[in-house]
Amino acid sequence: MTQPILIVDDEPHIRELLAFALGKAGYATVEAADGEAALEAIAAHRPALVVLDINMPRLNGLDVCRRIRAEGQLPVLLLSSRDDEIDRVLGIELGADDYVVKPFSPREVTARVSAILRRASAAAPAPAAEEAKLVSHGRLSLEADAWRAAWGETETSLTVTEFGILWTLASAPRRVFTRDAIIDKLRGPGFALTDRTIDSHVRNLRAKFARLGGTDVVETRPGVGYRLGACQGQDAQA
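For clarity, every value in this text was computed on a predicted model and none was experimentally measured.

## Some details on the UniProt feature "modified residue: 4-aspartylphosphate" (unreviewed entry) in the chain
Okay, step 1: Mapped onto the present numbering, the UniProt feature "modified residue: 4-aspartylphosphate" (unreviewed entry) falls at Asp 53.
Okay, step 2: Examined against the element boundaries, Asp 53 turns out to sit in strand β3 (residues 49-53).
Okay, step 3: Setting aside chain neighbours within four positions, we find Asp 53 in contact with Val 8, Asp 9, Asp 10, Gly 61, Leu 79 and Lys 102.

So this is what it looks like as structure tokens:
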């Protein structure tokens, strides 16, 4: 990989710890000590992924995440030292791909970085649909090689995780996926994620497509999980 991983944290020992762990796994790294320095480093180094602490001076991690997502699909892994889920869920809703709570294992951070990058570079995010490159359902179309999502003729920008969830649902449009099944498809079994994380990504998907008239992209099956909707839009529901 020629693009480095950007580590953003105001605590030098955490940056050093993560740089060592990621370097041992074969990743090049660059570092930034605050939010403004992070944005400068993104422009200068064009990293493959940002490991981003939430609680920082000179722009906190949530503000940095918001700016990153406004400009593109650069993957973001949040670091949080807070016990409650409010900031972590807000980070996911702003477009972060995953989060890790401090204190953390450097091996866990490395594993999550690798999982996000695999999703970003894979031809098809869902193992069950490895042969497929293009999926169309109603007015929804997904193109795996280009990570392109469109409603009719209008493209919408999705994060790596959002695209992965939608591709998973679209790969088996009649199936209802539990949240655990979605997590397993995206990351493999054994990742300690909460249901709220998946719910936040699904809310993001619905909001993005609703702005284009796609109000029926994802269905909720209460007590079970999610499935792909009819993807016909407002006209079909009128």
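## Topic: the packing of aromatic side chains
Okay, step 1: Enumeration according to the criterion identifies three aromatic pairs in this entry.
Okay, step 2: With centroids separated by 4.6 Å and ring planes inclined at 50 degrees, the aromatic side chains of Trp 147 and Phe 163 adopt a geometry described as tilted. With Trp 147 in the loop between β7 (140-143) and β8 (148-151) and Phe 163 in helix α6 (residues 160-171), the pair connects residues that are 16 residues apart, well separated along the chain. The two residues Trp 147 and Phe 163 agree in class, both being buried.
Okay, step 3: Relative to Phe 209, the ring of Trp 151 has its centre 6.3 Å away and its plane inclined at 65 degrees; by these criteria the two rings are edge-to-face. In this pair, Trp 151 is assigned in strand β8 and Phe 209 in helix α8 (residues 195-210), connecting sequence segments 58 residues apart.

Calculation criteria
Residues numbered from 1 in each chain as written. Predicted model: local features only at pLDDT ≥ 70, side-chain atom pairs only at ≥ 80, totals over all residues. Heavy atoms only, no water. UniProt positions renumbered as here; feature names shortened; annotations may be inferred. Helix = DSSP H or I, 4+ residues; strand = E, 2+ residues; numbered from the N terminus. Contact = heavy atoms within 4.5 Å. Phe/Tyr/Trp six-rings, centres within 6.5 Å; stacked < 30°, edge-to-face > 60°. Buried < 20%, exposed > 50% of the residue type's maximum accessible area, 1.4 Å probe, protein only.

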